[in-house]
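A look at the structure
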Amino acid sequence: RLPNAGPVATLTLFNSQNAPYHDRAAREVRLEVYDGDRLIRTTRARFLDPNRKRWLSVPIGAPRADRVRIVIESWFGLGGGLAEVRVF
């Protein structure tokens with residue numbers, strides 16, 4: 001849930017990398033943006049390498065949203081994860 005409903009232009013994701021093993025990181029994610037119970041936007045994004053370019057910016061273009069849902073659909077190593085998500 002977002003603290004204030006408003007436009008969501010971009011989601012920026014920072015992939016996980018659990019040191020010292022480096023065996024968990026997201027590969028493919030599905031991003032869903034909601035306004036109340038209504039799904040406004042959905043898109044998929046992919047990290048190409050778990051050890052390089054860990055930031056991924058995904059354009060959303062939602063005029064108003066109050067909630068973001070992120071589903072990790074595939075991963076590198078033993079499991080997926082995200083270290084940080086920024087909403088712009």
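For the structure, check the block above.
Let us look at the structure shown here. If you're wondering where the values come from, they're calculated on a predicted model, not measured in any experiment.

This brings us to the overall build of the protein. Helices and strands together make up the secondary structure of the protein, namely zero helices and six strands. When the helices and strands of the protein are placed in sequence order, the string is β-β-β-β-β-β. In terms of C-alpha radius of gyration, the protein reaches 13 Å, essentially the compact-globule figure of 12 Å for 88 residues. Principal-axis analysis of the C-alpha atoms places the extent of the protein at approximately 40 × 20 × 20 Å. Considering the protein as a whole, with its 88 residues, one finds that 38% of them fall into the buried category. Within the protein, counting contacts between residues at least 6 apart in sequence, those at least 24 apart form 73% of the total. Carbon and sulfur atoms make up 49% of the accessible area of the protein, which totals about 5,500 Å². On the protein, the mean spot of the 15 positive side-chain charges and the mean spot of the 9 negative ones are 2 Å from each other.

Further remarks concern the nonpolar core. Within the largest apolar cluster, 17 residues are counted, with the highest numbers of intra-cluster contacts made by Val8, Val29, Leu31, Phe47, Val58, Ile60 and Ala62. Secondary-structure elements contributing two or more residues to this core are strand E1 (6-15), strand E2 (24-35), strand E3 (38-46) and strand E4 (55-65). The residues contacting valine 8, other than those within four sequence positions of it, are Leu2, Ile60, Gly61, Ala62, Ala65, Val87 and Phe88.

Okay, the pattern of salt bridges next. In total, this model carries seven salt bridges according to the counting rule given. A salt bridge links arginine 46 to glutamate 28; its shortest N-O distance comes to 3.0 Å. Pair noted here: arginine 46 is in strand E3 and glutamate 28 is in strand E2, with a separation of 18 residues, a long-range link. On the basis of relative accessible area, arginine 46 is assigned to the partly exposed category, the value being 43%. Exposure remark for glutamate 28: the relative accessible area of 29% places this residue in the partly exposed category. Between glutamate 32 and arginine 69 there is a salt bridge, with its nearest N and O atoms 3.1 Å apart. Here the residue glutamate 32 occupies a position in strand E2, and arginine 69 occupies one in strand E5 (residues 67-77), the gap between them amounting to 37 residues. By relative accessible area, glutamate 32 is classed as buried at 8%. On the basis of relative accessibility, which here comes to 39%, the residue arginine 69 falls in the partly exposed class.

The rules we used
- Per chain, the residues get numbers from 1 upward, laid out in the order the sequence is written.
- Note on the predicted model: pLDDT of at least 70 is required for a residue's local features to be given, and 80 or more for side-chain atom pairs to be given and counted; whole-chain, interface and lining totals, by contrast, use all residues.
- Side-chain measures were taken over the full set of non-hydrogen atoms in the model, leaving aside hydrogen atoms and water.
- By the criteria applied, helices consist of DSSP H or I runs no shorter than four residues and strands consist of E runs no shorter than two, each listed in order from the N terminus.
- For this measure, only C-alpha atoms enter the radius of gyration; the expected value for a globule follows 2.2 Å times N^0.38, where N is the number of residues.
- Relative accessible area decides the class of each residue, using a 1.4 Å probe on protein chains only: under 20% of the type maximum gives buried, over 50% gives exposed, and in between gives partly exposed.
- Throughout, a contact is declared for two residues whenever any of their heavy atoms are within 4.5 Å.
- To be clear on the numbers: accessible area is Shrake-Rupley with a 1.4 Å probe, and residue cover counts the displayed protein chains and nothing else.
- Positive charges come from Lys and Arg, negative ones from Asp and Glu, while His and the chain ends are left out of the count.
- Think of each charge as sitting on NZ of Lys, CZ of Arg, CG of Asp or CD of Glu.
- We define a nonpolar core as any set of buried Ala, Val, Leu, Ile, Met, Phe, Trp, Tyr and Cys residues linked to one another through side-chain atoms lying within 4.5 Å.
- For salt bridges, the criterion is a side-chain nitrogen of Lys or Arg within 4 Å of an Asp or Glu carboxyl oxygen.

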